[in-house]
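Descriptive analysis of the structure
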Amino acid sequence: METFCKDIDRSKKPCLHYKPTGQCLLSERRLCPEYILNKKPVLSYSYNSTYTRCRKAWYHNYILGTAPVGKSLPMLYGQLFHAQLAFHQTRNPFFETEIKKITSIIYDIETDSDYPKDLKTLNGFLNAYKQLPISVFHADSEAEKENYMEYPDFILKTTVDLYEPIKKIIYDWKWTAKPDNYGFFTTRLQAGLYLLANTDARAITYRLFRKPALKQTKKERDIDFIGRVEKSVLSSPKHYIIDKTFWRSEYNFDEIKTNFYAISEEIKTNLLKGEDYFYENYSGCFNPFQCSYLNQCEAGII
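Residues numbered from 1 in each chain as written. Predicted model: local features only at pLDDT ≥ 70, side-chain atom pairs only at ≥ 80, totals over all residues. Heavy atoms only, no water.

**Considerations on the overall build of the protein chain**
Short version of the rule: Segments assigned H or I by DSSP are reported as helices when at least four residues long, segments assigned E as strands when at least two residues long, and all are numbered from the N terminus. Classification of residues uses two cut-offs on accessible area relative to the type maximum, computed with a 1.4 Å probe and protein chains only: under 20% is buried, over 50% is exposed, and between them is partly exposed. All accessible-area figures derive from a Shrake-Rupley calculation using a 1.4 Å probe, and residue coverage is judged against the displayed protein chains alone. For the purpose of counting charges, residues Lys and Arg are taken to be positive, whereas Asp and Glu are taken to be negative. His and the chain ends are not included. By convention, the charge on Lys lies at NZ, on Arg at CZ, on Asp at CG and on Glu at CD.
Tallying secondary structure elements over the protein chain gives eleven helices and six strands in all. Principal axes of the C-alpha set define a box for the protein chain whose edges measure 65 × 45 × 35 Å. Every one of the 302 residues in the protein chain was classed for burial, and the buried ones make up 46%. In the form shown here, the protein chain has an accessible surface area of approximately 16,100 Å², with 52% of it arising from carbon and sulfur atoms. Of the charged side chains in the protein chain, 42 are positive and 37 negative, and the gap between their average positions amounts to 3 Å.

**Thoughts on the packing of helix 2 (residues 45-53) against helix 3 (residues 55-63)**
Filter applied, for reference: Fitting a line to C-alpha atoms yields each axis, with helices limited to the stretch in contact; the angle taken between N-to-C directions then spans 0 to 180 degrees. Here the word oblique covers every angle except those under 35 degrees (roughly parallel), over 145 (roughly antiparallel) and from 65 to 115 (roughly perpendicular). In what follows, residue pairs with any heavy atoms lying within 4.5 Å of each other are defined as contacts. Under the convention adopted here, Pro, Cys and the residues Ala, Val, Leu, Ile, Met, Phe, Trp and Tyr are nonpolar, Asp, Glu, Lys and Arg are charged, and Gly plus all remaining residues are polar.
In contact at an axis separation of 5 Å, helix 2 and helix 3 are set at 135° when each is read in the N-to-C sense. Judged by the inter-axis angle, helix 2 sits oblique to helix 3. Along the contact surface, helix 2 presents Ser46, Tyr47, Thr50, Tyr51 and Arg53, while helix 3 presents Arg55, Ala57, Trp58 and Tyr62. Class assignment for the residues of the contact of helix 2 with helix 3 results in five nonpolar, two polar and two charged.

**Some remarks on the packing of aromatic side chains**
Which entries qualify depends on this criterion: Side-chain rings of Phe, Tyr and Trp, where Trp is taken by its six-membered ring, are said to pair if the distance between their centres is within 6.5 Å; with planes under 30 degrees apart they count as stacked, over 60 as edge-to-face, and otherwise as tilted. Placement of a charge over a ring requires the Lys NZ or Arg CZ to be within 6 Å of the ring centre, with the centre-to-atom vector within 35 degrees of the ring normal.
The tally for this structure, following the rule as stated, stands at 25 aromatic pairs. Centre to centre, the rings of Tyr47 and Trp58 are 5.5 Å apart; their planes meet at 85°, and the pair counts as edge-to-face. Taken as a pair, Tyr47 in helix 2 and Trp58 in helix 3 lie far apart in primary sequence, eleven residues in all. The exposure class of Tyr47 is buried, given its relative accessible area of 8%. For Trp58, a relative accessible area of 0% gives the class buried. An aromatic cluster is built from Phe81, Phe125, Tyr129, Phe137, Tyr171, Trp173, Trp175, Phe209 and Tyr240, whose rings are joined through pairwise contacts. One residue, Lys145, lies across the ring of Tyr163, its end atom 5.4 Å from the ring centre.

**So, the pattern of salt bridges**
Pairing of side chains with opposite charge becomes possible as their charged atoms draw close. For the record, the criterion: Any carboxyl oxygen of Asp or Glu within 4 Å of a side-chain nitrogen of Lys or Arg constitutes a salt bridge here.
Across all of its chains, the model carries ten salt bridges by this definition. Note that Lys174 is salt-bridged to Asp172, the shortest N-O span being 3.2 Å. We classify Asp172 as buried; its relative accessible area is 3%.

**Some details on the nonpolar core**
Counted only if it meets this: Definition used in this section: a nonpolar core is a set of buried Ala, Val, Leu, Ile, Met, Phe, Trp, Tyr and Cys residues joined via side-chain atoms within 4.5 Å.
Trp58 and Ile204 are the most contacted members of the largest nonpolar core, which totals 36 residues. Elements represented by at least two residues in this core include exactly helix 1 (33-38), helix 2, helix 3, strand 3 (155-164), helix 7 (184-197), strand 5 (203-210), strand 6 (241-247) and helix 10 (253-273). Residues in contact with Trp58, not counting those within four places in the same chain, are Ile36, Tyr47, Thr50, Tyr51, Ile63, Ile267 and Phe278.

**Digging into helix 6 (residues 117-129)**
For clarity, the threshold we go by: The span one expects for a helix is its residue count, reduced by one, times 1.5 Å.
For helix 6, with 13 residues, the first-to-last C-alpha span of 19 Å sits near the 18 Å given by 1.5 Å per residue. Of all 13 residues in helix 6, ten are buried; the element is thus mostly enclosed. Where helix 6 is concerned, the buried positions are Leu119, Lys120, Thr121, Leu122, Asn123, Gly124, Phe125, Leu126, Ala128 and Tyr129.

**A closer look at the pairing of strand 5**
What counts is decided by this rule: Paired strands are those between which DSSP finds at least two bridges. A clockwise course of the path from the first strand over the helix to the second, judged with the strands pointing away from the viewer, identifies a crossover as right-handed.
Counted residue by residue, strand 5 has seven buried out of eight residues, so it is predominantly covered. In terms of strand pairing, strand 4 (residues 169-176) meets strand 5 through eight bridges, oriented parallel. Looking at the pairing, Ile170 lines up with Ile204 of strand 5. In the classification by handedness, the crossover that spans strand 4, the intervening helix 7 and the parallel strand 5 is right-handed. Sheet topology places strand 5 next to strand 6; seven bridges connect them, and they run antiparallel. Looking at the pairing, Leu208 lines up with Ile242 of strand 6.

**Focus: the environment of Phe209**
Tracing the backbone shows Phe209 in strand 5. Along the backbone, Phe209 and Ala177 are 32 residues apart, and their C-alpha atoms lie at a distance of 8.1 Å. Filtering out sequence-adjacent residues up to four positions away, Phe209 remains in contact with Phe81, Leu85, Phe125, Tyr129, Trp173, Lys174, Trp175, Thr176, Tyr240 and Ile241.

Written as structure tokens, this is what we have:
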């Protein structure tokens, strides 16, 4: 059996430091390398896409458990938007707490403003969206639905933004300035993975929320600008909210499974070769948004 960990202790299988969740008890690690090498891999879209975006970011996130210093504002606004929609659907206090936590982090970063412009835009948009009939889903719909599905070579783990059980449709929210970037080809691996792990689903709908490009004038009060964003969205909902639905029959699931399994096998190979094989991909520093580890990389900390 191949081994990675210099602290390997076979008195407990696969290792003394192994936790049943696949994690490592050693404080400097997050995941157990022995588990990755010798057990059936648990794959998720974020796990694989982080690796293909930047091997170094993957290694620090999933193996070393390095905490990022600061967070990307576009990522934070996306998380806030998702939490707001989840709370709107479920009224679950957990999502309300998440909203407060993420908003606090945004204010800590954007210290030059009493009310960040992007936050005003987002709030105006949400005020409008919550008034629209399309924001209401069946009461049995599940927000942030987790699912596991076991296949011969791996286990898939997914968390979908919302699952509508009557229509049997997965919904994925995207708060974006460029909704045209999300088509069948660019989303097929993520969508295919979600459909593989949620076998009851007939389709996936990407609900694309186009970020308004409106600017606040110097004399315009915050409340008036938020109201103007709200009015703009309500007057042209089809411009700002675009649904793209892709059906299960459109996907080549053998190709998708091969893709994800190939990445998993490549990760195993590189773990045995050593940390040097988890190198930076500079083209991923700002694509699709700023990497959470960019500041640490620039400072030479990691």
